[in-house]
Amino acid sequence: MEAAIRRVRQGDENALAYIQTQSWKAAFVGILDVETLADCTDIDRATNMYKRLLEENIGNGYMLSVEGEPHCIAFWDAARDEEFADKAELICIHSLPVNWHKGYGSQMMDRVLKDIKKAGYSEVVLWVFRDNLRARAFYEAIGFTLTGISKPAFDTEEVLYSKEIK
């Protein structure tokens, strides 16, 4: 199947919200409690968030389409935490569950890492739920390493991964 990646733009908020909420519903069952997951996957809330991000030009967002249909999204920006101010941060990468394990996430990650390097960063960090073993295996397979840093998030814990960009 043919995949194409492009920068996100105003008007993409519905597709971005749909992909994120569907991904969360599939990936975070058993990681987040039912109420938290329902709140975080509210489509209107997610759509409004993406609309604001696009209108205010916050972050660097990408959308991967498969056969012309939106499938995967990713956003990165300068790290949000002060102690990582000289690093980039992968804020999110989400894809529709129907096409998991078909290489689209790796294609998206390649694009994002090239963009981060082009922007002048030599390291990227990301936060992931400790119990999200599928995502952690994906990150580790492409060279991210666990830093030993963690923080509470929602009703669980996130761990920090890092990757040098060469």
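In what follows, the accompanying structure is described.

All right, on to the side chain of R136 then. Looking at where R136 falls in the secondary structure, it is placed in helix α5 (residues 133-141). One buried charge, R136, has no salt-bridge partner; the nearest side chain with opposite charge is E140, at 4.4 Å.

Let us look at the sheet that holds strand β2 (residues 60-66). The mixed open sheet is built from seven strands, whose spatial order is β1-β2-β3-β4-β5-β7-β6. Where the open sheet ends on each side, the last strands, each with one partner, are β1 (3-7) and β6 (145-153). Sheet twist, expressed as the mean angle between neighbouring strand axes with direction ignored, is 25 degrees. Two strands pair when backbone bridges link them, and β1 and β2 are joined in this way by five bridges, in the antiparallel orientation. Counterpart to A4 in the pairing with β2 is S65.

Any two side chains of opposite charge can pair, on the condition that their charged atoms come close. For the structure shown, the criterion picks out eight salt bridges. With a closest N to O distance of 2.7 Å, R45 and D39 form a salt bridge. The exposure class assigned to D39 is partly exposed, which follows from its relative accessible area of 44%. E157 is paired through a salt bridge with R130; the nearest N and O atoms lie 2.6 Å apart. Here the residue E157 occupies a position in strand β7 (residues 156-164), and R130 occupies one in the loop between β5 (123-129) and α5, the gap between them amounting to 27 residues. Judged by its relative accessible area of 26%, E157 is partly exposed. Of the residues examined, R130 reaches a relative accessible area of 31% and is grouped as partly exposed. Overlapping salt bridges, with partners in common, bring together D86, K87 and E123 in one network.

Quick notes on the rules
- Residues numbered from 1 in each chain as written.
- Predicted model: local features only at pLDDT ≥ 70, side-chain atom pairs only at ≥ 80, totals over all residues.
- Heavy atoms only, no water.
- Helix = DSSP H or I, 4+ residues; strand = E, 2+ residues; numbered from the N terminus.
- Buried < 20%, exposed > 50% of the residue type's maximum accessible area, 1.4 Å probe, protein only.
- Lys, Arg positive; Asp, Glu negative; His and termini not counted.
- Salt bridge = Lys/Arg side-chain N within 4 Å of Asp/Glu carboxyl O.
- Pairing = 2+ DSSP bridges.
- Axes fitted to C-alpha atoms, helices over the stretch in contact; angles between N-to-C directions.

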